[in-house]
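Fold and geometry: a report
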Amino acid sequence: MKENRRDFIRKTGVSLAAMSVGGVGSAVAAPPEKPAPRKNLSGDALQEVAIKSTIRIAVQAPVEATATQMSFYQQMGVNHVTLWPDETKANADNLAEKKKAFFAGGSLQVYGANNISLLNDEKIILNLPGRDDRIELYKQFLRDLGKAGITYTTYSHSANGVWNSANTTTRSEAVARSLDLNGDKTGQWGDKKYTGPLSNGREYTTKEMWDNFEYFIKAVAPVAEQNNVRIGILPDDPPVPVLAGVPRLFSSFEGYKHGLELAKSPNVGVCLSVGTWAQGGNKLGKDVFGMIDYFGSQKKLFKVRISNIDQPLPHYQGTFVDNGYIDIYKVMKALKAVNFDGVVIAENIPQMITAGGGGGRGGANTAYDPSLAWTVGYIKCLRDRAEEEAAIQPIAVNHKPVKKSNKS
Amino acid sequence: MSDNRRDFIKKTAALAAAVSVGSVGSAMAGSSEPELRERMEALLAHPPKKSTIRIIMQPNARISKSQLTWYKQMGIDDVTVWIDPPNDTAEFYIATKKYFAEAGINVYCMGNGAVHNQDKIVLNLPGRDAKIEEYKKHLRNMGKAGIGYTTYAHMGNGIWDSPAGATTRGGAAARNFNQYGPNNGRWNNLRFYPPLSHGREYAEEELWENWKHFMREVVPVAEENNVRIGVHPDDPPIPKLAGVPRIFSHFERYKKAMDIANSPNVGLCLCVGSWMEGGDTVGTDAVGMIEHFGAQKKIFKIHFRNIEMPIPHFIETFVDSGYTNMYTIMKALKKVNFDGVLFPDHVPNMAGGNAWPFSVGYVKALRDRVEAEALV
């Protein structure tokens, strides 16, 4: 686009010169002798701002994304992807190869990659037999990321996975997630399913959970630092203190604070899921905005996932980003206020109908993941607005600087 | 959604009651319960108004119902439908209006390709009267179907492109027009080529005479049938192409045309993309057009698209990627309390399929922002 603008100026200059000697154009009316000054070109300058945004829009791409998919992302103005390989593909060679492929296919940077198999790992989280082997694998994964030059990974620490009730529908019957804490619900991660009252065989204490986390994070944080990889910890989904006998550590502001203090590493921070955190309403110590403000100003916010819900627990339903109780524009403003320098990604997008063609004059053909495209469009606009507004008028940051507890 | 909100507030109140007796929640801090409740009550007291700036799609008259479900999922409740003969009957218009209404979608606009960009009307060629009669029939059909708006364009030799393809962001194929390269006009199956598309040079005065005649004929019919006509700019808005003047190519000429029409039922379908093609040659920019004609309630519909640069060589692009910041357009529309529809048209082709959702999402966010700002 920048190139285009330069071209524009160049071409306009050239064409005016050509016209002035009267030599070009056949069926063309004479242009005005002296062009009037342009009025509404403010967009040009403002969009330069958006292009340089530090709040970068990413999509979660298939590891084996096709050339078509890569072009599609690029056409949406997306320049970053995150990948979720399983353990068979989460090795250094494959990751390096994917990194190259995404760049070649659509100028896409791989912002982060995760090893699905090592997230929400019961052995690590509950200190089950084989824990050290799993931690070794995690360290190896961090080294592989380092070797591949991928500097970010998302981690989550829920021993009984992510919990849902039956899917529901939101605007015009689009399929969306839901969770009713007082109704039927199941936890899931990968192929594993969890149900109450005791998903993992017994009640676990918060103390042992913290001990296990400390053991894990102290083992992996130095490896993350050596390999220049940052780890962003996701909130437990749902963010309730205990579920089916297992405490959930990353379900409150205090929990996050404690977790990061234990890690004591500039390489360990937060991957904030707005939709998940919104489930907690005002029960989590800080709401979404408070979390962004606090951890963002410490530069502990590495990635933000965006989705929306109709209301907090005990019973929430997923909605489109424009239709929930969280104002996503305010999320963008909050991110800009702390100069967030990372990616935002759309998640848990209600599924739009994908069958059939749009048709019509200048119309559409086969729908191509319309839910993702629509949501990325919506979010990108809010990002652009937040950036442009910051360029015009700096946003007042209404918090006191937080004393850094990082070693660095 | 409003149902959801009401539920929410109900449940929140219940939740707040539960919290107040200390039975729920451990790490309480941040926004207090009264604050949350206040927010919810404010939502209930001021439910989000339906915006008067409505985003539309432009489907076929018999698009599948599942596609209409998809429109609604994107937040779209209105459409513009184009038909061609032999579907130019009152019965078809009525049935179409009903077909969409069943899916909860309002047909805001109906267009008829056979009475749009007609050289017979624009250049007073043989058969003009029959064409004008056909146009009147279109208006009467609209009246019978209760569809209150139609877009009209007055280009004698159609919309112009360059046959050499162009691409924009990410290699997406986009329409372009190069004034100094091979180019041609088109409408329906007709193609128009320089140097003279219609055999001779036409004088601008002739076109004004023809416009006057056309308006004299159709305005009473539009008024009787309660149909508003929005005139689309010439695309591109160059004063003359291939010997044929283009009178909807400048602010002053638009004003003159509206004066001639002299009817509350004749206004603009302002295609801001076409207008931007003109750069600084069209008298005032798109915002200026909106400020002037919008304040007069003369803007009935907006085509909302962006281009990389103005003539002599324009290339269309994604809404967020062109030389105009589309927020300024949306803001201007809100400022004049625009009450009509907005179509994010001419989206560059995207890899793998449907190009609309990205644009609709982006445009809806712009619309939602200016509405939210208007409340403050």
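Some thoughts on the overall build of chain A
Assigned secondary structure in chain A consists of 12 helices and 20 strands. Residues classed as buried in chain A amount to 50% of the 408 residues present. Contacts in chain A between residues at least 24 apart in sequence constitute 74% of all its contacts with a sequence separation of at least 6.

Side note on the overall build of chain B
Helix and strand content of chain B: 12 helices and 18 strands. Here chain B, with 376 residues, has 55% of them falling under the buried criterion.

Let's talk about the pairing of strand E14 (residues 266-271) of chain B
All names here are of chain B. Burial analysis of E14 places six of its six residues in the buried class, which makes it a mostly covered element. Alignment of strand E11 (residues 228-232) against E14, held across three bridges, turns out to be parallel. Paired with Gly230 across the strands is Gly267, a residue of E14. As defined by bridge partners, E14 adjoins strand E15 (residues 299-303) across four bridges and the pair is classed as parallel. Across the sheet, residue Leu268 finds its bridge partner in E15, namely Ile299.

A closer look at the sheet that holds strand E5 (residues 162-164) of chain A
Residue and element names in this part refer to chain A. Taken in spatial order, the three strands make up an open sheet running E5-E9-E10, and their pairing is antiparallel. Each of the sheet's edge strands pairs with one partner strand only, and the pair in question is E5 and strand E10 (192-194). On average, each strand axis in the sheet is inclined to that of its neighbour by 30 degrees, with strand direction left out of account.

Let's talk about the packing of helix H7 (residues 206-226) of chain A against helix H8 (residues 253-263) of chain A
Residue and element names in this part refer to chain A. Axis separation between H7 and H8 bottoms out at 9 Å; the angle between their running directions is 45 degrees. With respect to each other, H7 and H8 are oriented oblique. Here H7 runs over H8; the crossing is right-handed. Of the residues in H8, those touching H7 at Phe213, Glu214, Ile217 and Ala221 are Gly259, Leu262 and Ala263. Split by residue class, the contact of H7 with H8 holds five nonpolar, one polar and one charged.

Considering the nonpolar core
Counting 214 residues, the largest nonpolar core has Val81, Ile306, Val376 and Ile379 of chain A together with Leu270 of chain B as its most contacted members. Ranked by residue count, the leading element in this core is helix H12 (residues 370-392) of chain A, at nine residues. The residues touching Leu270 of chain B, leaving out its near neighbours within four places in the chain, are Trp275, Met289, Ile290, Ile299 and Ile302 of chain B.

Observations regarding the environment of Gln73 of chain B
Its location among the elements puts Gln73 of chain B in helix H3 (residues 65-73). Excluding residues that lie within four positions of it along the chain, Gln73 of chain B makes contacts with Arg171, Ser172, Ala174, Met352 and Ile353 of chain A.

Quick look at the confidence of the model for chain A
Residue and element names in this part refer to chain A. Chain-level statistics for chain A give a pLDDT mean of 84 and a share of 80% at 70 or above. Segment residues 356-367: pLDDT under 50, and 39 contacts once partners within four positions in sequence are set aside and those in other chains are kept. pLDDT under 50 marks residues 395-408. Its contacts with residues more than four places away, or in other chains, come to 16 contacts.

Quick word on helix H11 (residues 326-335) of chain B
All names here are of chain B. With seven of 10 residues buried, H11 is to be regarded as a mostly interior element. Here H11 has its buried residues at Met326, Tyr327, Ile329, Met330, Ala332, Leu333 and Lys334. Positive backbone phi, at 50 degrees, marks Asn337, one or two positions downstream of H11.

Quick notes on the confidence of the model for chain B
All names here are of chain B. Taken as a whole, chain B shows an average pLDDT of 89; of its residues, 87% reach a score of 70 or greater. Counting contacts from residues 1-30, a segment whose pLDDT is below 50, to residues more than four positions away or on other chains yields 46 contacts. For this predicted complex, the interface confidence score (ipTM) comes to 0.87, while the overall pTM stands at 0.86.

Thoughts on the pairing of strand E4 (residues 149-153) of chain B
All names here are of chain B. For E4, the tally of buried residues reaches five of five residues, placing the bulk of the element in the interior. Here E4 shows a buried face lined by Tyr149, Thr151 and Ala153 and a second buried face lined by Thr150 and Tyr152. When E4 meets E11, the two strands line up parallel, connected through five bridges. Bridging across to E11, Ala153 finds its partner in His232.

Here's the deal with the sheet that holds strand E10 (residues 190-192) of chain B
All names here are of chain B. Read from one edge of the open sheet, three strands run E5-E9-E10, paired in antiparallel fashion. Both edges of this open sheet fall to strand E5 (159-161) and E10, since each of them pairs with a single strand only. Across the sheet, the axes of successive neighbouring strands diverge by a mean angle of 35 degrees, strand direction being ignored. With three bridges connecting them, E5 and strand E9 (residues 184-187) associate as antiparallel partners. The partner of Asp161 across the bridge, within E9, is Asn184.

Things to note about the environment of Asp84 of chain B
Checked against the element boundaries, Asp84 of chain B lands in the loop between strand E2 (78-83) and helix H4 (90-102). Setting aside anything within four residues of it in sequence, one finds Asp84 of chain B in contact with Asn112, Gly113 and Ala114 of chain B.

Digging into helix H10 (residues 286-295) of chain B
All names here are of chain B. Turning to H10, its buried residues number three or more, namely Ala286, Val287, Met289, Ile290, Phe293 and Gly294. Projected down its long axis, H10 shows its buried positions confined to an angular sector of 155 degrees, all on one face. Next to the buried residues of H10 lie helix H8 (251-261), E14, helix H9 (272-277), E15 and H11. Positive backbone phi, at 60 degrees, marks Lys297, one or two positions downstream of H10.

Digging into unusual backbone geometry
In this model, Gly196 of chain A is joined to Pro197 of chain A through a cis peptide bond whose omega is 5 degrees. By the element assignment, Pro197 of chain A lies in the loop between E10 and H7. With omega at 0 degrees, the peptide bond leading from Asp235 of chain B into Pro236 of chain B counts as cis. If you trace the backbone, Pro236 of chain B turns up in the loop between E11 and strand E12 (240-241). Backbone geometry places Asn117 of chain B, a non-glycine residue, at a positive phi of 55 degrees. Assignment of secondary structure puts Asn117 of chain B in the loop between strand E3 (106-112) and helix H5 (119-122). Residue Asn117 of chain B is classed as buried on the basis of its 24 C-beta neighbours within 10 Å. Unlike most non-glycine residues, Ala242 of chain B shows phi in positive territory, near 50 degrees.

Some details on the packing of helix H11 (residues 328-337) of chain A against H12 of chain A
Residues and elements named next belong to chain A. With their axes 9 Å apart at the nearest point, H11 and H12 run at an angle of 45 degrees to one another. When the axis of H11 is compared with that of H12, the two are oblique. Between H11 and H12 lies a crossing whose hand is right-handed. Between H11 and H12, the contacting residues are Ile328, Tyr329, Met332, Lys333 and Lys336 on the first element and Ile379, Leu382, Arg383, Arg385, Ala386, Glu387 and Ala390 on the second. The class makeup of the residues in the contact of H11 with H12 is seven nonpolar, no polar and five charged.

Side note on the environment of Arg383 of chain A
Residues and elements named next belong to chain A. Of note, Arg383 is situated in helix H12. C-alpha separation for the pair Arg383 and Pro197, spaced 186 residues apart in sequence, amounts to 42 Å. Ignoring any residue separated from it by four or fewer positions in sequence, one finds Arg383 in contact with Ser53, Ile55, Ile57 and Met332.

Rules behind the numbers
Think of each chain on its own: its residues are numbered from 1, step by step along the sequence as written. Here the convention is simple: chains get letters from A, ligands get numbers from 1, in the order in which they are written. For a predicted model such as this one, the threshold for reporting local features is a pLDDT of at least 70, and the threshold for listing and counting side-chain atom pairs is 80 or more; totals across whole chains, interfaces and linings nevertheless cover every residue. Secondary structure is summarised from DSSP: a helix means a run of H or I of at least four residues, a strand means a run of E of at least two, and numbering begins at the N terminus for each. Counts of 20 or more other C-beta atoms within 10 Å of a residue's own C-beta define buried residues, counts of 12 or fewer define exposed ones, and intermediate counts define partly exposed ones; C-beta atoms are placed from the backbone. What counts as a contact is two residues whose backbone-derived C-beta atoms lie within 7 Å of each other. One requirement defines pairing of two strands: DSSP has to find at least two bridges between them. Every axis corresponds to a line fitted to the C-alpha atoms, with the helix fit spanning only the stretch in contact, and the corresponding angles, defined between N-to-C directions, vary from 0 to 180 degrees. Convention used here: angles under 35 degrees read as roughly parallel, angles over 145 as roughly antiparallel, angles from 65 to 115 as roughly perpendicular, and any remaining angle as oblique. By the definition used in this description, the sense in which the near helix is turned from the far one sets the handedness, with an anticlockwise turn below a right angle giving left-handed and a clockwise turn giving right-handed. Each residue gets one of three labels, nonpolar for Ala, Val, Leu, Ile, Met, Phe, Trp, Tyr, Cys and Pro, charged for Asp, Glu, Lys and Arg, and polar for the others, Gly among them. By definition, a nonpolar core groups buried Ala, Val, Leu, Ile, Met, Phe, Trp, Tyr and Cys residues that connect through C-beta atoms lying within 7 Å of each other. On a range of 0 to 100, pLDDT expresses the predictor's confidence in each residue. For this quantity, the arc is that covered by the directions from the helix axis to the C-beta atoms.

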